[in-house]
Amino acid sequence: MRFFQKTVISLMIAASLTACSDNKNEKKESATTEAVVTSQAKTSDKFSEMLAYVPADTAYLMANSVAVPDDVLEFQMKRFQMLVSALSANIKSITDVANKMPSEDSDSSASTEAKETSDATKEATKEEPNAGDFIKALLQEFSTNLNKDGLAKLGLKFNGHSMFYALDMLPVIRYELANKEAFKALLSKAEKTSGYKLEWSKCGEHDCLVSKKGKELNIATVFVGDHVAIAPFSSEKKQQVMDHLLGTKKPEKSYKVADWNTFVSENGYKGYGEGFVKLNTMLGKLEQFLLTKTKQEQGDSFDEQAFKGCFAVVKAHTKNVPELVFGIKELSEKAIKYEVVVKTAPEVSTVLQGLPNKLTDMKQPTNPIFTLGVNMNMPNLRNALTQYVNFLATSGEEHKCAAINPVELRKSIGGLAMAMTMGASQFKSIFVALDNLELDNNGKPSKVEAFGTVVADDPMALLQMLAMVNPQFATLQLPDNGKPVKLPVGVIPAGLVSPELSLSRQGRLLNMFVGNDQMALEPISVKENTIFWNVTDSKRYYGLMNKVIEQAPETKGEKTKEVMEVMNALGEFSGVMSQQIGFDKRGVVLDYSISY
C-alpha cells in the first residue's frame, strides 16, 4: 500500500510540472538560488497581480513563480503522455480483469448473483449526468492533448502562474490562461460529451459558472481577465467568495512577492512549485468554524467551555509544530528531488535529532528491487514519548479537557518504558533488501535473492535468544570478519521450502544472505539523522507484477496483455523512487526523489 502511495506522489509531482513554463530561456536545474530570484523578478508583474488576491494571513499557499526548463517539461510530458495513453486505451481491460479476481468474502456464484443484482439496480435507478461525468469527460480531453501544442489548444498557458491558497479555510485556485475562449470551448465540449449541463452566467462583466445543486458546498468558476479562479462556497459565504474571486473586495493586506521570494530562497527551493501550511493559523480559523457549526447543531446542550478546553490542547501542539513547508530542491530531465518539512520548535528539534543512531558500515545490494531501513535509538525514543505523554497529561489538566485522563496517561508511561527497555533497547537499525526475484510459469518464486542487516549492541545475543526457540542456533559460530556461514540443517522447520540462508557478523552488524551469499554490496548512503528510508525500482517491480498477472489462474485467458501494457507504462513513468525521513534543526524532513 505504501508503494502505491508513493506512485501517486510521483504522478502528482510530474503532473504539476505541466502547469509551469516551457520557456527555453529559463535556467537549468543547476541554477543557483540567486538566479531563481532573478527569474522571479522577470515574471513578478503578473505574479504580483495574481498574488494580490491572496490574504497575507492565508493558512496555506502553493504557487509556481518560475518557469520549468523546456527540455525538462518536454521529457516529463512524453512520459506522462505514455502513461495516460496506456490507461485510456486499456481501462476496460483493466476493469474486466479486476472483476475476475475472486472476493475474499464470497464465492464465485455469490459474486455473479451480486453482479447481476447490481447491474439491474443500476439500470432501474439510472441517474441524470452529474459533475463526476463532466470531470471524466474533461480529463479525457486532457489525456489526448498532453503535449505542448495540445495544451495550448486547450487555452492553458505553459509559462503561466498558478496558485492554491486559503480564503478563511476553503481553497481557492487561480490559473493563468493563454486563451480564455479556447478554455471555455474545452468546458463546453466536455459538457456536450458528458450530458451534464453547465450553468453559464455573468458575474458583473465576467463570465462565470456557479453551481446551485450542492447541499453543503457549491463551486464557483470565474474568468477574471486572463486567468480563471475557482472556489467552493457555502450558501452563507456565497457573496464573500464571489467578491473575492472577482476582485471587487481584495484583501486589506495581501501576500507579497518579496515574502514569496524570501520563502523560496531561505528554503533553497527552485520556484517551480512550492508552498506552506501554517498549522497554527489553520487551527485558529478551524476553531471558529467548528465552534459556530457545533453551536448551531447542539443548541442549548452545547458545552462551549468544554469545547474550548479540549481545542486549547490541540492548539498547544502548534506551539511546537507551527508550520509545514514543501518544494522542489532539484529538477532535471533525469531527476526530481522534493522536500517536505514539518517545522518544530527548537527544543523539539533537539529531541528529534537524538532519535536516530549514527549509521556506520551498513551495506546494501548494488541494484536492488526494493529496500527498507529503520534506524531508531530506543532509549531516546522512550524518553521522547515519556515527555510527550507528560505534556499531553499536563495540557489536559491545565485546560480542563474531559477527553484526556491524566492519571491513566501517566500510568501508561511505566508500561511503555518497560516494553522499550527490555530486549528492544539493544536494537539500533534494521535493513532489508530484495535483490532479485524470479517467478516460474505458475507465478510462484523460483529464485529469491535478498539481504538483511540488524545492528545491535551484541549481535550474538540475538542468536542466543533465537536458540530459545530452536537450539540449532546455539551451534552457530560466526567469525567477526564478515564471512558468511550457512545455516545448519534443522534450523529451518521441516516441510518449509526455503532458499539457502547464510549469516555473517561484523562488529555490531548481523547480516543475513538469502539465496546468494556472494552478492555485490556497497555502503548505504543516507542523510545524517535518518530514521526511515526505502528505494523501489518501479520498472522491475511492475515487471514482477506483470508476471503474477500473466500466470494467475483467475486471469488466464483474459485480456492481460492490455493490463501488462499499463504496468509497463507505470514502471517506465515512475522510475526509481526513494524517500528518506529524518530530522534536522528545522524539524521532521521527508526527502523524496524520482530518477530515470
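Here, the structure is the one placed above.
Everything numeric in this text was worked out from a predicted model, so none of it was measured.

Chemist: I keep staring at the packing of helix α11 (residues 279–298) against helix α12 (residues 304–320) and nothing clicks. Help me out?
Modeler: The description of two helices packed together rests on the angle between their axes and the distance between the axes. It is the contact of α11 with α12, at a shortest axis distance of 10 Å, that shows an interaxial angle of 165°. Here α12 runs roughly antiparallel to α11, going by the angle between their axes. Handedness of the crossing formed by α11 with α12: right-handed. Between α11, through Leu279, Asn280, Leu283, Leu286, Glu287, Leu290, Leu291, Thr294 and Lys295, and α12, the contact on the second element is made entirely by Glu304, Phe307, Lys308, Phe311, Val314, Lys315 and Thr318. Of the residues contributing to the contact of α11 with α12, the split by class is 8 nonpolar, 3 polar and 5 charged.

Chemist: Even after reading the chapter, I still don't get the packing of α12 against helix α14 (residues 378–398), so can you show me in this structure?
Modeler: Interhelical geometry of α12 versus α14 gives an angle of 135° and a closest axis separation of 10 Å. Between α12 and α14, the angle falls in the class oblique. α12 and α14 meet at a crossing whose hand is right-handed. Contact residues: α12 offers Val313, Ala316, His317 and Asn320, while α14 offers Tyr388, Phe391, Leu392, Ser395 and Gly396. The residue inventory of the contact of α12 with α14, partitioned by class, reads 5 nonpolar, 4 polar and no charged.

Chemist: How do you make sense of the pairing of strand β1 (residues 60–64) when you look at a structure like this?
Modeler: Regular strands show a simple pattern: their side chains alternate between the two faces of the sheet. Summarising burial for β1: 4 of the 5 residues are buried, a large majority. Pairing between β1 and strand β8 (residues 274–278): 4 bridges, direction antiparallel. In the strand pairing of β8, Tyr60 is matched with Val277. Relative to strand β2 (residues 162–167), β1 is paired through 4 bridges, and the arrangement is antiparallel. Its bridge partner lying in β2, Ala63 is registered against Met163.

The rules behind each value
- Residues numbered from 1 in each chain as written.
- Predicted model: local features only at pLDDT ≥ 70, side-chain atom pairs only at ≥ 80, totals over all residues.
- Heavy atoms only, no water.
- Axes fitted to C-alpha atoms, helices over the stretch in contact; angles between N-to-C directions.
- Helix = DSSP H or I, 4+ residues; strand = E, 2+ residues; numbered from the N terminus.
- Parallel < 35°, antiparallel > 145°, perpendicular 65-115°, else oblique.
- Left-handed = near helix turned anticlockwise from the far one by under 90°.
- Contact = heavy atoms within 4.5 Å.
- Nonpolar A, V, L, I, M, F, W, Y, C, P; charged D, E, K, R; others polar.
- Buried < 20%, exposed > 50% of the residue type's maximum accessible area, 1.4 Å probe, protein only.
- Pairing = 2+ DSSP bridges.

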